[in-house]
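# Chain and residue survey
In case you want the letters, here they are:
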Amino acid sequence: MLIAGNWKMYKGPREAAAFCRELRDAALPDDVDVVVCPPYVSLESAVQALADTEIGVFAQSCHWEREGAFTGEVSAPILREVGVYGTLVGHSERRQWFGETDDSAGARVRAALEGGLHVIACVGETLAEREYGETEAVIRRQVGALEYDENLVIAYEPVWAIGTGRTATPEMAQEAHETIKSLLDVPVLYGGSVKPDNAAELLGRPAVDGALVGGASLDIDSFAAICRAASRS
Ligand code: PEP
């Protein structure tokens, strides 16, 4: 099981370090891999606070070139230099607000993997796509932009469930995860309003290999509770 906390645009370096120290002291279960994804400027303080632990620090995106005239972007070698272990790619908020496409997400994933990072690549349908019966086609298209790699994990995140308090039912998650696994044999996380009170049910489905957690990862008690629920699932 892998539990990843996506902090989005929350927690500057000081708050990140304080949170990571609490996480280090939280006695998280040994059988769960735990990852946090702070904003770029907080990565280094998170890495330092989590040194000598098994908790990984991931970025929230990564550019497809190693260096160049790409204002506002950060590359795999730069992330590696500060001790970052992996990165999210293709989160729906990047697709919705910053023009991320299947092609650009695919290029970022390739560059991150080639640059030695682990990757959690995000896919998932919008509410309109689900209502039009396009969920499977969208997943096939988005996953089709990716290639198998032993360091690749996919997060199935139905866009209508992110930050809304709505979650996919465990059956919906299971079905989408089976589709993804039929295309690429990689671990698949569920993401979309995972909370301490729904984590065990979602994580209990056989095709669910962990969770990508947004809002509930910002609070130490709820994030630790989700990690413990993963251990029992
Ligand atoms: C996310 O940001 O990837 C996410 C799933 O957010 P939330 O848990 O807040 O829905």
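Residues numbered from 1 in each chain as written. Predicted model: local features only at pLDDT ≥ 70, side-chain atom pairs only at ≥ 80, totals over all residues. Heavy atoms only, no water.

We note that Lys 11 has phi near 75°; this positive angle belongs to a residue other than glycine. Mapped onto the fold, Lys 11 is located in the loop between β1 (2-6) and α1 (13-24). When its relative accessible area of 10% is taken as the criterion, Lys 11 is described as buried. For Ala 27, which is not glycine, the phi torsion reads 50° and is therefore positive. Within the element layout of this structure, Ala 27 appears in the loop between α1 and β2 (33-37). Using a relative accessible area of 67% as the deciding quantity, one classes Ala 27 as exposed. (Helix = DSSP H or I, 4+ residues; strand = E, 2+ residues; numbered from the N terminus. Buried < 20%, exposed > 50% of the residue type's maximum accessible area, 1.4 Å probe, protein only.)

Glancing now at the packing of helix α9 (residues 196-203) against helix α10 (residues 220-232). Axes are the key here: two packed helices are described by the angle between their axes and the distance separating the axes. Remark: α9 packs on α10, axes separated minimally by 9 Å, with the N-to-C direction vectors making an angle of 25°. Taken as axis vectors, α9 and α10 run roughly parallel relative to one another. By crossing handedness, the relation of α9 to α10 is classed as right-handed. When α9 is examined against α10, the residues Pro 196, Ala 199, Ala 200 and Leu 203 are found in contact with a partner set consisting of Ser 222, Ala 225, Ile 226, Ala 229 and Ala 230. Taken together, the residues that form the contact of α9 with α10 break down as eight nonpolar, one polar and no charged. (Axes fitted to C-alpha atoms, helices over the stretch in contact; angles between N-to-C directions. Parallel < 35°, antiparallel > 145°, perpendicular 65-115°, else oblique. Left-handed = near helix turned anticlockwise from the far one by under 90°. Contact = heavy atoms within 4.5 Å. Nonpolar A, V, L, I, M, F, W, Y, C, P; charged D, E, K, R; others polar.)

What follows concerns the site of the ligand. Among the 14 residues in the neighbourhood of the ligand, the closest are listed as Lys 8, Glu 157, Gly 163, Ser 193 and Gly 215. One nitrogen or oxygen atom from the side chain of Lys 8 is found 2.8 Å from an oxygen atom belonging to the ligand. Contacts to the ligand include Gly 163, whose backbone N or O atom sits 2.6 Å from an oxygen atom. Computed on the free molecule, the ligand has an accessible area of 290 Å², of which 98% lies beneath the protein chains in the complex. Here the residues of the shell around the ligand sort into four nonpolar, eight polar and two charged. (Near = heavy atom within 4 Å. Polar contact = N/O pair within 3.5 Å; in protein donor to acceptor, adjacent residues only side chain to side chain. Areas by Shrake-Rupley, 256 points an atom, 1.4 Å probe, with all protein chains shown as cover.)

In this section: the pattern of salt bridges. Tallying each qualifying case throughout the model produces eleven salt bridges. Between Asp 102 and Arg 95 there is a salt bridge, and its shortest N-O distance comes to 2.8 Å. Linking Asp 102 and Arg 141 is a salt bridge whose minimum nitrogen-to-oxygen distance equals 2.6 Å. Note that Asp 102 is positioned in helix α5 (residues 102-114) and Arg 141 in helix α7 (residues 135-144), a separation of 39 residues in sequence. By relative accessible area, which is 15% here, Asp 102 ends up buried. By relative accessible area, which is 45% here, Arg 141 ends up partly exposed. Counted as one network, the salt bridges with shared partners bring together Glu 73, Glu 100 and Arg 108. (Salt bridge = Lys/Arg side-chain N within 4 Å of Asp/Glu carboxyl O.)

We now examine α1. In this model, α1 (twelve residues) spans 16 Å end to end at C-alpha, consistent with the 16 Å of a helix rising 1.5 Å per residue. At its buried positions, α1 is contacted by β2, α2 (43-49) and α10. (Expected span 1.5 Å × (residues − 1).)

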